[in-house]
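# Breakdown of the fold
Now for the letters of each chain:
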Amino acid sequence: MKPNGHSITKLILDGAQASLAKDLGKIKDCLDLLTVEQIWWRPNAASNSAGNLCLHLCGNMRQWIISGLGGAKDVRVREREFSERGPISRRAVVERLDATVAEASGVVRRLSPGALARDYVIQGFRVTGYGALAQVVQHFSHHTGQIIYLTKLKRGRDLGLTRLPAVGKMRG
């Protein structure tokens, strides 16, 4: 049986939310392994700290999903995401990230097939709702990888975040 447009939309929205939740868990695992000083450590002047990347993920998600697709006022000041030197506590960073992902997920759950197919202008880019959602998921995943790498640099060990399922079990 062929899925209808609504079930395909639901699969896309559920998949996006699952990806964000999985990556959020990895970020939180990393932040739990770091001291506050390590969260705000930069390897060099051209790089960002894990804390800056978390602020940046919040800003991006707020601009693209909460504002861009959800209609909230766009209040992002992108430069502040990178200029912050902290220390902002681990708890405050995690709470901000959790709250932003939760708010964005609420917007995503309410998106209709029509809203996803519609054109938007977000951050100066003309994109469909599908494109905006894909951008955010990809962007979140990209910076999750950077936070994992920064954590490995500071901890000097494998974090065990990429375990494969046992042979014979379905991957999902």
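Look a little higher up for the structure.
One numbering rule holds for all chains: residues counted from 1, following each sequence as written. Owing to the predicted nature of the model, reporting of local features is limited to residues with pLDDT of at least 70; listing and counting of side-chain atom pairs is limited to 80 or more, with chain, interface and lining totals taken over all residues. Neither water nor hydrogens contribute to the side-chain values; these are computed over all heavy atoms in the structure.

## Re the pattern of salt bridges
- Here, a salt bridge means any side-chain nitrogen of Lys or Arg that lies within 4 Å of a carboxyl oxygen of Asp or Glu. Scanning the model with the defined rule gives five salt bridges in all.
- With its nearest N and O atoms 3.0 Å apart, the salt bridge here joins Arg62 to Glu103. Highlighted residues: Arg62 in helix H3 (residues 50-69) and Glu103 in helix H5 (residues 90-110), separated in sequence by 41 residues.
- Judged by its relative accessible area of 28%, Arg62 is partly exposed.
- Where Arg76 meets Glu81, a salt bridge forms, and the shortest distance between an N and an O atom there is 2.7 Å. Of the two residues, Arg76 and Glu81, both sit in the buried class. In this text, helices come from DSSP runs of H or I with a minimum length of four residues, and strands from runs of E with a minimum of two, each type numbered from the N-terminal end. Exposure is judged per residue with a 1.4 Å probe applied to protein chains only, and the accessible area is read against the type maximum: over 50% gives exposed, under 20% gives buried, and values in between give partly exposed.

## Remarks on the packing of H3 against H5
- Every angle, taken between N-to-C directions, lies between 0 and 180 degrees, and every axis is a line fitted to C-alpha atoms, over only the stretch in contact when it is a helix. Across the interface, H3 lies against H5 with an axial gap of 9 Å and an inter-helix angle of 20°. Considered as vectors, H3 and H5 are oriented roughly parallel to each other. Crossing handedness for the pair H3 and H5: left-handed. Contacts between H3 and H5 involve Cys54, Leu55, Leu57, Cys58, Met61, Arg62, Ile65, Ile66 and Leu69 from the former and Val93, Arg96, Leu97, Thr100, Val101, Glu103, Ala104, Val107 and Val108 from the latter. An angle below 35 degrees is treated as roughly parallel, one above 145 as roughly antiparallel, one from 65 to 115 as roughly perpendicular, and anything else as oblique. By the definition used in this description, the sense in which the near helix is turned from the far one sets the handedness, with an anticlockwise turn below a right angle giving left-handed and a clockwise turn giving right-handed. Here, two residues are considered to be in contact whenever any of their heavy atoms come within 4.5 Å of each other.

## Digging into the nonpolar core
- We call a set of buried residues a nonpolar core when its members are Ala, Val, Leu, Ile, Met, Phe, Trp, Tyr or Cys and they connect through side-chain atoms within 4.5 Å of each other. Ile65 and Phe140 are the most contacted members of the largest nonpolar core, which has 45 residues in total.
- Listing elements by their share of this core, those giving two or more residues are helix H1 (5-33), H3, H5, helix H6 (113-117), strand S1 (119-122) and helix H7 (129-155).
- Ranked by residues supplied to this core, first place goes to H3 with 11 residues.
- Apart from residues lying up to four places away in sequence, Ile65 is in contact with Asn60, Gly70, Ala104, Val107, Val108, Ala132, Leu133 and Val136.

## Digging into the packing of aromatic side chains
- Only Phe, Tyr and Trp rings take part, Trp by its six-membered ring, and two of them pair if their centres are within 6.5 Å. Stacked means planes under 30 degrees apart, edge-to-face means over 60, and tilted covers everything else. Under the criterion given, the structure shown has one aromatic pair.
- A ring is considered to have a charge above it if a Lys NZ or an Arg CZ atom is located within 6 Å of its centre and within 35 degrees of its normal. Above the plane of the ring of Trp41 lies Lys154, whose end atom (NZ or CZ) is 4.1 Å from the centre.

## Concerning the side chain of His56
- Inspection of the secondary structure puts His56 in helix H3.
- You can call His56 buried: its relative accessible area is 3%.
- What qualifies as a polar contact is a pair of N or O atoms within 3.5 Å, subject to a donor-acceptor requirement within protein and to the restriction that residues adjacent in sequence count only when both atoms come from side chains. For His56, the side chain forms a polar contact with the side chain of Glu81, separated by 2.8 Å.
- Discounting residues that sit within four places of it in the chain, His56 has contacts with Arg76, Arg78, Glu81, Phe82, His139 and His143.

## A short note on H3
- To estimate how far a helix should extend, the number of its residues minus one is multiplied by 1.5 Å. Between its terminal C-alpha atoms H3 stretches 27 Å, which fits the 28 Å expected from 20 residues at 1.5 Å a residue.
- Two axes enter the bend calculation: one fitted to the seven residues ending at the residue in question, the other to the seven starting there, and the bend is the angle between them. Along H3, the sharpest kink reaches roughly 35°, centred on Arg62.
- Of all 20 residues in H3, 19 are buried; the element is thus mostly enclosed.
- Of the residues flanking the end of H3, it is Gly71, one or two places downstream, whose phi is positive at about 90°.

## Some words on the environment of Thr162
- As for its position among the elements, Thr162 is in the segment after H7.
- With relative accessibility at 63%, the residue Thr162 sits in the exposed group.
- For the pair Thr162 and Tyr149, spaced 13 residues apart in the sequence, the C-alpha separation amounts to 12 Å.

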